[in-house]
Amino acid sequence: MKDRSVILGLILLAPIILFSTAHAGEGIPDPRAGWNELWHELMIDITLIGLVFAGVTVYFMVRYKRQRPDEEGGSFKLTPLGAFGWTLIPAFIFMADDIFLAAKNFELWNDYRNVPENAYVVEVEAYMWGWNVKYPDEGIEVNNEMYVPQGRPIMVRLTSRDVVHSFFIPDFRVKWDALPGRTTYLWFYPKERGEHVMTCTEYCGLLHSNMYGKIKVISQDEFSSWIEKNKKEGGAV
Amino acid sequence: MSVSVESLNYQSRFSLKEWIFTTDHKRIGVLYLIGSFAAFFLAGLMAMLMRTELSSIGPTITENPNTYNVWLYFHGAAMILGYQIPALTGFFANYYVPLMIGAKDVAFPRLNALSVWLFWMGIVLALLTFVIPDPPDIMWTGYPPYSTMTPGNTALYTFTVLLIGFSSIAGGVNFLTTIMYMRAPGVTWNKLNVFIWCILAAFIIQLIFVPVLGVAVTMLSLDKYLGTNFFNAAMGGDPLIYQNLFWFYSHPAVYVILLPAMGLIYEIIATFSRNSIFNYKGILYGGIWGVVLLGGIVWAHHLYIAGIPDWMALVHVFLTLLISVPVGLMMVGLVGTLYRGSIEYKTPMLYAIGFIFLFLIGGLTGIPNAMSAIYIHITETYWIPGHFHYVMAISVTTAIIGGTYYVFPKLTGRMYHEGLGKLGFFIFFIGVNITFFLTLLMGVKGMPRRYYDYPQFPELEGIQQITTYGSYLIFVSAVIILVSWIHGLVAGEKAPQNPWGSRSLEWTHAPSPPPPGNFPRKLELTEEWSPYNYGS
Ligand code: HEM
Ligand SMILES: [Cu+2]
Ligand SMILES: [Cu+2]
């Protein structure tokens, strides 16, 4: 009995021991990479815990199946000390995992909330049902598309013209609510050229599911000429 | 109290008037049961319509997104307010509490009748959704300013919530008093069924938090119809206030649902393992009361990206993660109760075992949600409905259906068909796992929830389609389950008093079905008596 408890404890602690090796980041952190990494660790963590519980359950289910109709269980009673142990030890194990996860979360959360200094700023105003994208320094406004330069952190300032919306770019693992009367922000780091979906994730009525657009990551040069072209035309709405 | 043999059969003479004016806790329970299963059936139908709509990109069965939004509103609101809360704190609480504690009825039988009719008024009001020209389309969360601007009928939402809220408060007063003062001699606090403790805890939560929800939804209608500006940012109000108030109630509300469901599962597992509860005091003081204590201070995990201060998010990350401690203890207790038991796999037990696995997936997929940084990507995607269907919708449905099979002989005096019962379970179990595992998966891939259509995610159409097939399996299982109950009701064998060999009072001392007043003879409980006193 005692041995088994020890082994069980070790199995539950394994994820904590395995992943307490902190990763040292250099330069500008990339929340997307951080998210993917932590997600991966989390999946291993919860799968292990799940397998332990499920394994023990299945074992008991088979081992203690009723053999005779008059058979009874109930022969096993915890001593007061055993009851304390079976309350405090599992509580301790769960809490250890919690503290570990909260610490991991703290790191990544800071990456998400601290915008790098050289970030390029874009303003987005959500409305029913679309995204108005402004380039404040250039006086450009477009709807439902956002051109951004490759290799530079992009900060998005969010607000809403009417109801609560939420600005989501699945590929970059970012999302933040856009509220009327407030400005919120998020940032992401497009390292490669390409196209990504931006879409609304806070229910906002009839065309909520149609409130989406494209984010186009283009090279710095292409971006400069895109700015020049649209400045001349006075916005591309 | 002694009762003649004929009066044992009082349920066989049907009189509508008697049912309407009844103050008998068992009949009131049945009234709750009928109402909540009706809500479940209708809201389930909406789920089938939604799943069918989602099976392909573009219009599938309706061209109007508003129709989908109303289905979804009704599905969410009716499943929670009309089905799960009333089935657990209405039916099961009413049916079991007096029987398990050895009482003749609840403390305030007429207040009890008022509760159930308030609930029915709520159900009727909710049904108006399908007849008025401008049904509510504000989801069960009703966030302003959308809910105060929409042409949909927000007042219907407000009043449905208020009626069912009043019903809950009356129920809370009643059951707290009953459990405190009406226990038979010998039924002491530390011998109470786990289910009773869970009901006590659930109603304490209701009494503290329901008024907050009542205030929030009332302010919505004041804003919309009477021109106040509580949530109107343009006039100095703040939509975030509503979100705080709403989740201040609605997070604890998940424990109002979860605790009684857990309690039922504990009863079923103890009975079919013929075993005492593993670490009874640990799960009682650490588990149940731990949940009550923590449940009220974690609401902001719904608001991590809604514009709250960073420190508040981080505090709530930690507190939310801590919920894993009491809930984990309750899971250890469930699995531990199998240890050295004598397990028999009748239909209720299959559902109880099913609960362990489904709740395990649901609980573990909640951990990422608690972590604010991970939450950023998965919130408001299909991961969320995936998670809460596992942890609440489906786990608790397993408890309710399993609990209904378990109580069936006592309630009806007849046995259900074991083969049909098991067949229904297996189809249900396969169906829900296909449906909701794929829902989780689509969430990680970025599929947002509450979407009528998804042209921006063409790659998900295949998974959506299989998910829909999974949900049809659930429908098939629901039909089989219903057939097994109707079959049992009209053609089942006569049930003995204690078909499961349980040690709990409702089985050992009350006939099937119990007469008015419940116990034909005065209860005389020995010092050794306990509802889990097996193997001695
Ligand atoms: C029986 C099988 C069920 C199926 C197939 C099903 C399916 C669905 C679907 C497709 C959605 C909408 C996803 C979206 O567009 O965002 C949904 C939402 C929801 N379901 Fe279910 N569901 C089922 C049972 C339940 C049960 C038993 C409950 C009980 C609590 C429940 C509670 C909810 C809630 C609260 C929502 C969210 C509503 C909202 O977004 O406002 N469901 N369900
Ligand atoms: Cu939206
Ligand atoms: Cu919550």
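Here we summarise the structure given alongside this text. (Residues numbered from 1 in each chain as written. Chains lettered and ligands numbered in written order. Predicted model: local features only at pLDDT ≥ 70, side-chain atom pairs only at ≥ 80, totals over all residues. Heavy atoms only, no water.)

On to the coordination of the copper ion (ligand 3), then. Residue and element names in this part refer to chain B. Taken together, His-251 (ND1), His-301 (NE2) and His-302 (NE2) make up the protein donors of the copper ion (ligand 3), found 1.7 to 2.0 Å from the metal. Of note, the donors binding the copper ion (ligand 3) are all from one chain and are spaced H-x49-H-H. Residue His-251 is found in helix H9 (residues 239–273), and its partner His-302 is found in the loop between helix H10 (280–295) and helix H11 (310–322); the two are separated by 51 residues along the sequence. (Donors = N, O, S within 2.8 Å, 3.2 Å for Na, K, Ca; no water. Helix = DSSP H or I, 4+ residues; strand = E, 2+ residues; numbered from the N terminus.)

To continue, consider the sheet that holds strand E8 (residues 184–188) of chain A. Residues and elements named next belong to chain A. Taken in spatial order, the 5 strands make up an open sheet running E3-E2-E1-E5-E8, and their pairing is mixed. At either end of the open sheet lies a strand with only one pairing partner, and these are strand E3 (140–143) and E8. Strand-to-strand twist of the sheet, defined as the mean angle between neighbouring strand axes without regard to direction, takes the value 25°. Strand direction decides the pairing type here: strand E2 (residues 130–135) and E3, joined by 4 bridges, are antiparallel. When the sheet's bridge partners are listed, Tyr-135 is paired in E3 with Ile-140. (Pairing = 2+ DSSP bridges. Axes fitted to C-alpha atoms, helices over the stretch in contact; angles between N-to-C directions.)

Residue and element names in this part refer to chain B. Residues in contact with ligand 1 amount to 24 residues; listed here are only the nearest, Tyr-68, His-75, His-389, Arg-449 and Arg-450. Measuring from an oxygen atom of ligand 1, one finds a side-chain N or O atom of Tyr-68 at 2.6 Å. Arg-449 places a side-chain nitrogen or oxygen 2.9 Å from an oxygen atom of ligand 1. Of all the elements, helix H4 (residues 65–101) adds the most residues to the shell around ligand 1, at 8 residues. (Near = heavy atom within 4 Å. Polar contact = N/O pair within 3.5 Å; in protein donor to acceptor, adjacent residues only side chain to side chain.)

Attention now moves to the packing of aromatic side chains. Within the structure shown, the criterion is met by 60 aromatic pairs over all chains. The interplanar angle of 45° and the centroid separation of 5.4 Å between the aromatic rings of Phe60(A) and Tyr339(B) together place this pair among those described as tilted. Highlighted residues: Phe60(A) in helix H2 (residues 31–63) and Tyr339(B) in the loop between helix H12 (324–338) and helix H13 (347–364), drawn from two different chains. Sitting above the plane of the Trp176(A) ring, Arg113(A) keeps its charged end 3.6 Å from the centroid. (Phe/Tyr/Trp six-rings, centres within 6.5 Å; stacked < 30°, edge-to-face > 60°. Lys NZ or Arg CZ within 6 Å of the ring centre and 35° of its normal.)

The next point concerns the interface of chain B and chain A. Opposite the 84 residues of chain B that make contact, chain A presents 79 residues. Summed over both sides, the interface of chain B with chain A buries roughly 7100 Å², with 67% coming from carbon and sulfur. Looking at the side of chain B facing chain A, the largest losses of area belong to Tyr339(B), Ile376(B) and His377(B), adding up to 9% of the total buried there. At the boundary of chain B and chain A, one finds 3 salt bridges. With a shortest N-O distance of 3.1 Å, Glu344(B) and Arg66(A) are connected by a salt bridge. Applying the counting rule to chain B against chain A returns 32 residue pairs in polar contact (both at pLDDT 80 or more). Of all the secondary structure elements, the ones that give two or more residues to the side of chain B that touches chain A are H4, helix H6 (146–149), H9, H11, H12, H13, helix H14 (366–370) and helix H15 (372–378) of chain B. Here the element with the most residues in the side of chain B that touches chain A is H12(B); it accounts for 8 residues. Residues of the side of chain B that touches chain A, tallied by class, amount to 51 nonpolar, 22 polar and 11 charged. (Contact = heavy atoms within 4.5 Å. Buried area = accessible area lost by both parts, 1.4 Å probe. Salt bridge = Lys/Arg side-chain N within 4 Å of Asp/Glu carboxyl O. Nonpolar A, V, L, I, M, F, W, Y, C, P; charged D, E, K, R; others polar.)

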